[in-house]
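Secondary and tertiary structure notes
Given next are the chains, with one letter for each unit.
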Amino acid sequence: MPSMRSVPTEVFPIFGMISVALGFGVFVAHRQITRDQTLRIHRNAYNPDLWMERIERPAERQTPFTNYFYRHVADQRV
């Protein structure tokens, strides 16, 4: 295994950026797993008393995809 003395000094900021990115990824994943109530992995994930509530909630309305960023391109076509 190479020692830290053989690594060029220009690489140290990259190590820092990678460690910050990994730390932020762990933070976001931990927050998502622990606080998202729609995930079924928390301690109250399966509650048989709430099954009627899940069945009776209204279905989600799906909207067709609209490209908002390139509307001007579609308008200019002939």
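These numbers were taken from a predicted model, which means no experiment stands behind them. (Residues numbered from 1 in each chain as written. Predicted model: local features only at pLDDT ≥ 70, side-chain atom pairs only at ≥ 80, totals over all residues. Heavy atoms only, no water.)

1. A word on the overall build of the protein
Counting its regular elements, the protein contains three helices and zero strands. Along the protein, helices (α) and strands (β) appear in the sequence α-α-α when read from the amino end. Here the protein holds 78 residues, and 3% of them are scored as buried. Summed over its atoms, the accessible surface of the protein is roughly 8,300 Å², and 60% of this surface lies on carbon and sulfur atoms. (Helix = DSSP H or I, 4+ residues; strand = E, 2+ residues; numbered from the N terminus. Buried < 20%, exposed > 50% of the residue type's maximum accessible area, 1.4 Å probe, protein only. Areas by Shrake-Rupley, 256 points an atom, 1.4 Å probe, with all protein chains shown as cover.)

2. Topic: the packing of aromatic side chains
Tallied over the full model, the rule gives two aromatic pairs. Ring plane angle 55° and centroid distance 6.3 Å describe the contact between Phe12 and Phe15, whose orientation is recorded as tilted. In this pair, Phe12 and Phe15 both sit in helix α1 (residues 12-35), three residues apart, roughly one turn of the helix. Exposure remark for Phe12: the relative accessible area of 35% places this residue in the partly exposed category. Assessed through its relative accessible area of 40%, Phe15 is described here as partly exposed. (Phe/Tyr/Trp six-rings, centres within 6.5 Å; stacked < 30°, edge-to-face > 60°.)

3. Some details on a nonpolar patch on the surface
A cluster of nonpolar side chains, contributed by Ile14, Met17, Ile18 and Leu22, occupies part of the molecular surface with about 400 Å² of accessible area. Assessed through its relative accessible area of 46%, Ile18 is described here as partly exposed. (Patch = residues over 30% accessible without salt bridge, like charges linked within 9 Å, V, L, I, M, F, W, Y side chains within 5 Å. Salt bridge = Lys/Arg side-chain N within 4 Å of Asp/Glu carboxyl O.)

4. Things to note about the confidence of the model for the protein
Looking at the protein as a whole, the pLDDT averages 77, with 68% of positions reaching at least 70. Averaged pLDDT values over the elements of the protein bottom out at 61 in helix α3 (residues 71-76) and peak at 92 in α1. (pLDDT = per-residue confidence, 0-100.)

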